[in-house]
Amino acid sequence: MEKQETGNYIRQLAQKYNVPLLEGNRLTEEMQICFQEDLLDASHLNYYGSVKYTDYLAKWLKERYDIPDRRDDIRYQQWENASREFFQREGANI
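Residues numbered from 1 in each chain as written. Predicted model: local features only at pLDDT ≥ 70, side-chain atom pairs only at ≥ 80, totals over all residues. Heavy atoms only, no water.

Student: What is the right way to read the packing of aromatic side chains from this model?
Tutor: A ring pair, where both rings are aromatic, is described by two values, the distance of the centres and the angle of the planes. Within the structure shown, the criterion is met by three aromatic pairs. Seen from their ring centres, phenylalanine 86 and phenylalanine 87 are 5.1 Å apart, and the 80 degrees between their planes marks the pair as edge-to-face. (Phe/Tyr/Trp six-rings, centres within 6.5 Å; stacked < 30°, edge-to-face > 60°.)

If you want it as structure tokens, here you go:
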């Protein structure tokens, strides 16, 4: 019941301040979430589900906002290095 009340409150705030609200639990079909394959437990996505979620979110953001690609920007080199290191370490586990 507490989660439902929290969700209702967040929806009210989003409407009040005219802020877009993406409710992942209501977008599972659009994100092509397969409950047998993409969940870690009853309420959290595993790696594969999180990839689907972030892909959906990235496309949603790109359609609505002009966010520049920073991958070749020297000011973001540390982020690029951290990302590369993560995939080198975790890639074998994925």
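Student: Would you take a moment to explain helix α4 (residues 47-64) for this structure?
Tutor: In an α-helix, one turn spans 3.6 residues, which is why side chains three or four residues apart end up on the same side. An ideal rise of 1.5 Å per residue puts 26 Å on 18 residues; α4 measures up with 26 Å between its terminal C-alpha atoms. The residue sitting at the N-terminus of α4 and contributing the capping side-chain oxygen is asparagine 46; that oxygen lies 3.0 Å from the backbone nitrogen of tyrosine 48. (Helix = DSSP H or I, 4+ residues; strand = E, 2+ residues; numbered from the N terminus. Expected span 1.5 Å × (residues − 1). Polar contact = N/O pair within 3.5 Å; in protein donor to acceptor, adjacent residues only side chain to side chain.)

Student: For this particular structure, what's the right way to read a nonpolar patch on the surface?
Tutor: A cluster of nonpolar side chains, Tyr9, Ile10, Leu13, Tyr17, Val19 and Leu21, forms an exposed patch at the surface whose accessible area comes to about 560 Å². Residue placement: leucine 13 occurs in helix α1 (residues 2-16). (Patch = residues over 30% accessible without salt bridge, like charges linked within 9 Å, V, L, I, M, F, W, Y side chains within 5 Å. Areas by Shrake-Rupley, 256 points an atom, 1.4 Å probe, with all protein chains shown as cover. Salt bridge = Lys/Arg side-chain N within 4 Å of Asp/Glu carboxyl O.)

Student: Would you mind showing me how to read the layout of surface pockets here?
Tutor: The gaps of empty space that remain are located by a probe, the size of a water molecule, rolled over the atoms. Estimates place the volume of the largest pocket at around 490 Å³. Lining the largest pocket are 13 residues, and of these Thr54, Ala58, Trp79, Ser83 and Phe87 lie nearest its centre. Among the elements of the structure, α4 and α5 (77-90) are those that each provide at least two residues to the lining of the largest pocket. A per-element tally of the lining of the largest pocket places α4 first, with six residues. Residues of the lining of the largest pocket, tallied by class, amount to six nonpolar, three polar and four charged. (1 Å grid on protein atoms, 1.4 Å probe; cavity = no way out; pocket = protein on both sides within 12 Å on 5 of 7 lines; lining within 4 Å. Points joined across faces, edges and corners; volume = space filled by probe spheres on them. Nonpolar A, V, L, I, M, F, W, Y, C, P; charged D, E, K, R; others polar.)

Student: What is the right way to look at the pattern of salt bridges in this model?
Tutor: It is possible for side chains of opposite charge to pair when their charged atoms get near one another. Going through the model one piece at a time under the given rule, you end up with eight salt bridges. Measuring nitrogen to oxygen at the nearest pair gives 3.3 Å for the salt bridge that ties arginine 26 to glutamate 23. One salt bridge connects arginine 75 with aspartate 73, and the closest N-O pair in it is separated by 2.6 Å. Assessed through its relative accessible area of 17%, aspartate 73 is described here as buried. (Buried < 20%, exposed > 50% of the residue type's maximum accessible area, 1.4 Å probe, protein only.)

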